[in-house]
Amino acid sequence: MIKSEKASPKDVIMEVYEFGENVLKKHHIKNIEDIRPFLEVSHKFWLNLCGLENEAVLKEISELFNIHPLTLEDIKNTSQRPKFEEFDDNIFVVTKMIYHKNKSHSPITEQVSILFGKNYIISIQENPYDIFDPIRTRLENPTGKMRKMGTDYFAYTLLDIIVDKYFDCLEFAVEKIESLEDQIISQSKKTKLPEIFNQRKVIQQIKRNVWPTRELLSAWKKSENPLVKKKTNPFINDVYEHVIEIIENLEIQRESISALVELFMSNLSLKQNEVMKTLTIIATIFIPLTFIAGVYGMNFQFMPELGWKYGYFFIWILFLGSTLAMVYYFKKKKWF
Amino acid sequence: MIKSEKASPKDVIMEVYEFGENVLKKHHIKNIEDIRPFLEVSHKFWLNLCGLENEAVLKEISELFNIHPLTLEDIKNTSQRPKFEEFDDNIFVVTKMIYHKNKSHSPITEQVSILFGKNYIISIQENPYDIFDPIRTRLENPTGKMRKMGTDYFAYTLLDIIVDKYFDCLEFAVEKIESLEDQIISQSKKTKLPEIFNQRKVIQQIKRNVWPTRELLSAWKKSENPLVKKKTNPFINDVYEHVIEIIENLEIQRESISALVELFMSNLSLKQNEVMKTLTIIATIFIPLTFIAGVYGMNFQFMPELGWKYGYFFIWILFLGSTLAMVYYFKKKKWF
Amino acid sequence: MIKSEKASPKDVIMEVYEFGENVLKKHHIKNIEDIRPFLEVSHKFWLNLCGLENEAVLKEISELFNIHPLTLEDIKNTSQRPKFEEFDDNIFVVTKMIYHKNKSHSPITEQVSILFGKNYIISIQENPYDIFDPIRTRLENPTGKMRKMGTDYFAYTLLDIIVDKYFDCLEFAVEKIESLEDQIISQSKKTKLPEIFNQRKVIQQIKRNVWPTRELLSAWKKSENPLVKKKTNPFINDVYEHVIEIIENLEIQRESISALVELFMSNLSLKQNEVMKTLTIIATIFIPLTFIAGVYGMNFQFMPELGWKYGYFFIWILFLGSTLAMVYYFKKKKWF
Amino acid sequence: MIKSEKASPKDVIMEVYEFGENVLKKHHIKNIEDIRPFLEVSHKFWLNLCGLENEAVLKEISELFNIHPLTLEDIKNTSQRPKFEEFDDNIFVVTKMIYHKNKSHSPITEQVSILFGKNYIISIQENPYDIFDPIRTRLENPTGKMRKMGTDYFAYTLLDIIVDKYFDCLEFAVEKIESLEDQIISQSKKTKLPEIFNQRKVIQQIKRNVWPTRELLSAWKKSENPLVKKKTNPFINDVYEHVIEIIENLEIQRESISALVELFMSNLSLKQNEVMKTLTIIATIFIPLTFIAGVYGMNFQFMPELGWKYGYFFIWILFLGSTLAMVYYFKKKKWF
Amino acid sequence: MIKSEKASPKDVIMEVYEFGENVLKKHHIKNIEDIRPFLEVSHKFWLNLCGLENEAVLKEISELFNIHPLTLEDIKNTSQRPKFEEFDDNIFVVTKMIYHKNKSHSPITEQVSILFGKNYIISIQENPYDIFDPIRTRLENPTGKMRKMGTDYFAYTLLDIIVDKYFDCLEFAVEKIESLEDQIISQSKKTKLPEIFNQRKVIQQIKRNVWPTRELLSAWKKSENPLVKKKTNPFINDVYEHVIEIIENLEIQRESISALVELFMSNLSLKQNEVMKTLTIIATIFIPLTFIAGVYGMNFQFMPELGWKYGYFFIWILFLGSTLAMVYYFKKKKWF
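Parameters and conventions
Residues numbered from 1 in each chain as written. Chains lettered and ligands numbered in written order. Predicted model: local features only at pLDDT ≥ 70, side-chain atom pairs only at ≥ 80, totals over all residues. Heavy atoms only, no water. Least-squares fit on C-alpha atoms with pLDDT ≥ 70 in both. Patch = residues over 30% accessible without salt bridge, like charges linked within 9 Å, V, L, I, M, F, W, Y side chains within 5 Å. Areas by Shrake-Rupley, 256 points an atom, 1.4 Å probe, with all protein chains shown as cover. Salt bridge = Lys/Arg side-chain N within 4 Å of Asp/Glu carboxyl O. Helix = DSSP H or I, 4+ residues; strand = E, 2+ residues; numbered from the N terminus. Buried < 20%, exposed > 50% of the residue type's maximum accessible area, 1.4 Å probe, protein only. Domains from an automatic or database assignment. Lys, Arg positive; Asp, Glu negative; His and termini not counted. Charge placed at Lys NZ, Arg CZ, Asp CG, Glu CD. Pairing = 2+ DSSP bridges.

A closer look at the relation of the copies chain A and chain C
Expressed as a screw operation, the relation of chain A to chain C combines 0.1 Å of axial shift with a rotation of 72 degrees, fitting to an RMSD of 0.1 Å. Interpreted geometrically, this transformation is the action of a five-fold axis. Relative to the rotation axis, the closest C-alpha in chain A is found at A:G297, a distance of 4.5 Å.

Concerning a nonpolar patch on the surface
All names here are of chain A. Taken together, the side chains of W308, Y310, F313, F314 and I317 present a nonpolar region at the surface, about 580 Å² in accessible area. By the element assignment, W308 lies in the loop between α9 (304–307) and α10 (311–332). You can call W308 partly exposed: its relative accessible area is 47%.

Some details on the domain arrangement of chain A
Here chain A is described as being made up of domain 1 (3–266) and domain 2 (272–332). Here the C-alpha centroids of domain 1 of chain A and domain 2 of chain A sit 74 Å apart.

Brief notes about a positive patch on the surface
Taken together, A:K190, A:K192, A:K271 and C:K334 make up a surface patch of like positive charges. In this fold, A:K271 is placed in helix α8 (residues 233–295). Among the residues examined, A:K271 registers a relative accessible area of 37% and is labelled partly exposed.

Some thoughts on a negative patch on the surface
The grouping of A:E171, A:E175, A:E178 and A:D182 at the surface amounts to a negative patch. Position of A:E178 among the secondary structure elements: in helix α6 (residues 151–186).

What about the pairing of strand β5 (residues 91–99) of chain D?
Looking along a regular strand, one sees side chains alternate from face to face of the sheet. Residues and elements named next belong to chain D. β5 sits mainly inside the fold: 9 of its 9 residues count as buried. Across the two faces of β5 the burial is the same, with I91, V93, T95, M97 and Y99 and F92, V94, K96 and I98 all buried. Taken together, the 4 bridges between strand β4 (residues 83–86) and β5 define a ladder with antiparallel strand orientation. Paired with E86 across the two strands is I91, which belongs to β5. From the end of β4 to the start of β5, which pair antiparallel, there are 4 residues. Where β5 lies against strand β6 (residues 108–116), 9 bridges are found, and the strand directions are antiparallel. By the bridge assignment for β6, F92 is matched with L115.

Encoded structure:
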């Protein structure tokens, strides 16, 4: 979903979903103060905030939800490493979403900070573009788990969608790697090495974020915070397993890329070999012939062969004989 | 065994073996409801189900055997990582079988989900083709362990056969690698690098499944579930040892393949060297001779040598001398 | 900040900051004896000492602050590995700062020993140039934490600034690596391999110091010394996380450099291939032509073709035909 | 010792040594039944059995010594991984001996199963050739430990001799690697890459068996079986240390071989470079000269130079000048 | 210090230092029996023994100091892996010293066995040359720790000197590696690959001994033997830290050498490229020209161009034009 891109850089887009077993209301708020009423109702709500440029808004949020100054720093610093931190009345999770806005470009990494307390979930993104549409859809299902279960389940859902996107990006890279491999083997198209290296970078980009995500989930699993309910554990386990699978796949892809580079280089060597053989065959056949022709082009006054009647005829026999000898030699060496 | 391949995609093939110390009956059922009677008899039974497309059947099974929805998801998702999960009244194991339907193709990976309770074992495969004929044979032996021991022993037997197939696939790859090695060393045949890379892929395919299988067995060994009997432990240990051996062999094969690529590349370099030497020897001998011939082909009015009586004779001596000098030089350099 | 560089080698520069919640005084002292009065006042003070050549000064300090002789050795030995050591009334930390004095040179590594007791912090550097100006600035803020919190917080701040500089150096290296990568891919400029290797060295220089820093921080976190206050723990955790991030980035950069070298080498091969192709095309086209020309330059008395009216015309047709055949052959081989 | 090689494949050679502090008798038995009397005497005995083809014999042994069917399988399966297994009244050890029957061939791997109980040791080999002559010699020493200590000491001795043979094979490989290295550096002889790869295979062959041997010894050390006496512990520790040393050496040799391949490849490149230089020097000098000669071989009616008196003389000056210029250029480039 | 090298191989040199807080006497003894009186005095003594060939002496020592036969074996076997062993009344340490007798040769590895009891330290070396002169000097200092502290401190000092020598050898190798790097980058001198490989071997030689030394020190630190006093612990920690530093440096050097080989190989490729370019430029310019000259050297009776007045002039224009076109092409390709 691309939300209004015209938002001025200082603008922050704030979406609030008020929800409960029987309720679902969506609000677009302009000021963070508009959130206060939600805090007092008995429903849960999700505040999705896009844009980090407006410091004032972030400050207001941090005051409203009692966020530690260091945590606020982590939210603002978009190169923060994914992590899981527990506080007295909320839990803070930093994650990175990786997605393709445009399939012909490299995937984009964007930080998503998630904070959840007893009845609120706040997600803070860098840009208005996001990958959370499936959540909006699921929220609309009045009998879905999203509406019934706690805020930790909601946070899990966000994480789950983020990890699923890792899978998508990985799969997209795998497809590209496989098509590059086909190209190299069939030699149907000129493959450029930088294309291979680009895929290596995508693999690295995912790896860089998926490893700390694993630690994050590990910490979550071990957490004894009352906000983390037992019922959510199997779901977290599920994401954890996905992360392990991604990690294993990344390793396999890393090896595939190394093999690909090797294949590319060896193909280059094979081609070079062929080029050299062509040159050598031609040169080796004609250089001696040219020499012989040169000999009988000399202007010595006394060169008996020149006067022979069949001299020219014999010389052609010499030419052919020498050529055939060379061809035989190359055949024996299996150069053809 | 290739079971009727004509089964329409939506069709699910269901085979039921009712067995006990004195009993062995085989049934082909059409509806999952037909299984209910088996649940009440005192014998054990094995339900082998092929085909995942028919959701209705899977749902019925999950209701009949009280399967958790997440487990059902795992059964349907054919890229599920091998794992071992315990529930209150059954144990769920995901495995992958790897086999050659046709030796000239790459091996095929197929998911097999195994669920066993007190008196039933269910195996769910993707396709009708399977590798479980040895089990069918062993079941027919009235004094065999299959009929006497518990369902965990039956599940072990399935796993054992799957792991044995890994060995077969690995051995087949090893044979191919060794024949490629012989080809490269003897240079009897043109080896294509992609053939080497194909074997690398097979190695990776096995590795990808054998590592999680190790974890699976580790979890089984540590399990304290009453369904897992002490008597079965030495057997599980046995499979575990096989898995370790496969892992060690995979590593050795990985190194062999790297060495093979190195050997291939160095052979290429050696050949290139030989080609270059041939060219250099021919060119170095004849280029100067051609020059000399060219000199005496010039049309200057005043070239004293042309008028000498033995000029032509001397020039041949020069040709021969120069050639011999070159040959001597190459001999000294050990280029021949 | 570059402090007077004219200091004679034996000179030691000593800066003392006396500070407390309401106090901040800066002193430049000449003799270590001048420090004694500070020890008795109720404020804390920071002694920043530059220069290790004057053994007498170091000895006086070690007596004044009751420093163990082995610790004194560690301070003097500028190749000491970073470490954390606790004593009865102070804590001793060896660190390395890495900074760029001049962006076009390699970064410089310099040892900084930090010793802190209940109300003093001593930092001992090799040279007058340092990276601690941010500390001087923060000290001036009367409501800042620097003035309020304990000496362990002060030591943390020094560490934090040092680790931040690692980040800067790493980032600078990353930029260079990326610009080298662009150069290689676009081939806009001749890249020299030694430039790539220089960046590899910088990566190694940082790695060499960041790994023991991690152990140092680990030891600090586990320390139960009363000088290490609980309040400072989250800050130490923060530096620790930075260090982990640097370590992960170093690994990624190490891989990038390997990929870069591979890319460089393969580009070289590609160029070589192109050179060889050019030579082969030219030689393969013209060598046979030259031979034909040579044949009709021979002086045999009986060469019927020479007398033909259209002989010369036919020979040009032969030339053109042969050339076209070759061009067609090269096109088919996709050499153009 | 080469025992009668004429033994028909189905034949099993059985050697029995009855021994005690004062006794040593050697028997050659034909039927396993002949062993029963030894079981009842108070001496210990060693049964050394060669040949696995005769299933009947193995079955009798397994009944006589109460061997578990799975263990019997392990004995028969000659690709069993080395391991240590404890039973109620005996201990079972699978090992591999590696030895050179002929120094010019690759070493041979052969499985040796060892089973020892309170007063018997059974060793089962594949072939009659073995490496246990030192044991036969030591047994003859009436005051040696072999006669005095328990069966576990005897088993240790077998293991010790096997591990010592690993050392011998490793040393033999090391010698070959070093001689290959000398050959490559001195270039005294044409080294074939496959020879290097053969040594790599030997290293791998040893590694494959020495790693599980380490685990085996580890298990032995931790064993609390009454058959394993405390007194034997230092000896087992000794073998363990040897195994560790072999493992470390294998790693070093693996690196040496990699370095050797690198050296080989770089030598090849150096030679290629030299070949190319020779070609380039000759071609670059003579190709322009040949052109000049060609120019004055043209038959234009109006070519003023041809009529000059010193034309031919000048042309030689041109030839020499051009040659000298080229030689100077190559000297400057340090190609000579 | 080079002690009398004329000692016959069977000779053993024995040096005894009797020392205490107020005493230092040096003795040269001939027979091991001469040591007995020292055992009864209240001072400590150090027996430094050089030469392992005389079995009788070693046997006498082992009886005198109650050395276990296996330990005696370890002393004699000069390829013993460094280790730490505790006995009831003494501690046995095997170490390796690595030193340069001659800087232009490879460093030498020599085994030093150290045995210390309550009042004696015995060091046993292979050859008379040793690196322990600093110990002899320190012993002369009557207020030094060597005289005051226990025999464990003495043993530590020996170890410390040995480890310091590792540093020296490493540093010497590093210097060589750096000078090789400079040579390769500046191309001032022909670098031979074997020189790089020699440094790799030195690195490996140190690594081989420093790893077990680390385990040795680890064991020492954990030892609870009364011979190992608490006071000595910080010193052992210090050596331990040095060993860790050496290990880290070895790893860095290993990477440097790999980078060096890569640099060397890529330089080779660059040179090859340059050679090929030179050849290609010359050949590509002159081969077509030679062909044209050849054409007008043909003897056809009817070749109209030959009769033209400006034919020769036009042909030179053709020559120049073709050359310029080629030069332009090469410029565009950036081959110059």
